[in-house]
Amino acid sequence: MTCTTVSPLNTNDLHRIFEKLDQNGDGFVSLDELKSLLERIGIHSTHDELQALVGKTRLDLIDFLCFYDTIVKHNINGDDQIGEGENEGKDDLEGDLAKAFQVYDLNGDGYISCDELQSVLSRLGFWSEDCGKDCESMINVYDMNSDGLLDFDEFKNMMLVTNP
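Per an unreviewed UniProt entry, the recorded name for the chain is EF-hand domain-containing protein, and the organism is Rhododendron griersonianum.

And the structure:
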């Protein structure tokens, strides 16, 4: 199986995420470990729903990269169906992005600040003390009006960026 990452995250970033998710260090991300991550960001699903989505009971690094790639392509293209009865399209993509934006916009003011980004990354276990400037640079790359914040359109542009 060949996967081509189509997101702003590179393979090293995804490898670090995999290692964080692999809480017991067995070289696999189990559905329980994946479910734990999703619950930390406010997404609740059953074990059966996750297994239907993932297609396995655990993912090794290659499976994880391919799964991530499939999800990103699905969200960008809006043409793959992942789940029974779903009819993905532009409106669904916009809705999914709006929900994701709300996860980061902690105070509900319509903007994502460096502190909010840092807080969410911290909750997910992906932030450490030396990452503070990284949050600023992540925002600055997509902050088109240079106000130090990401509005929804800037966030959407960031999420839809593809790497060749």
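Text resumes after the structure shown.
Attention now goes to the packing of aromatic side chains. One pass over the full model with this rule turns up four aromatic pairs. Judged by centre distance (5.6 Å) and plane angle (90°), the ring pair of F101 and F152 falls under edge-to-face. On the criterion of sequence distance, the pair formed by F101 in helix α5 (residues 90-104) and F152 in helix α8 (residues 152-159) is long-range, its members being 51 residues apart. For the pair F101 and F152, a shared accessibility class is recorded, and that class is buried. Ring geometry for Y104 and F155: centres 6.1 Å apart, planes at 50°, overall tilted. Linking Y104 in helix α5 with F155 in helix α8, this pair joins segments that are 51 residues apart in sequence. Taking the relative accessible area as the measure of exposure, F155 reaches 2% and is therefore buried. Members of the aromatic cluster, joined through ring pairs, are F101, Y104, F152 and F155.

Of all the positions in helix α6 (residues 114-123), only C114, E116, L117, V120 and L121 are classed as buried. One side of α6 holds all its buried residues, which, seen down the axis, span an arc of 165°.

The rules behind the values
- Residues numbered from 1 in each chain as written.
- Predicted model: local features only at pLDDT ≥ 70, side-chain atom pairs only at ≥ 80, totals over all residues.
- Heavy atoms only, no water.
- Phe/Tyr/Trp six-rings, centres within 6.5 Å; stacked < 30°, edge-to-face > 60°.
- Helix = DSSP H or I, 4+ residues; strand = E, 2+ residues; numbered from the N terminus.
- Buried < 20%, exposed > 50% of the residue type's maximum accessible area, 1.4 Å probe, protein only.
- Arc of directions from axis to C-beta.

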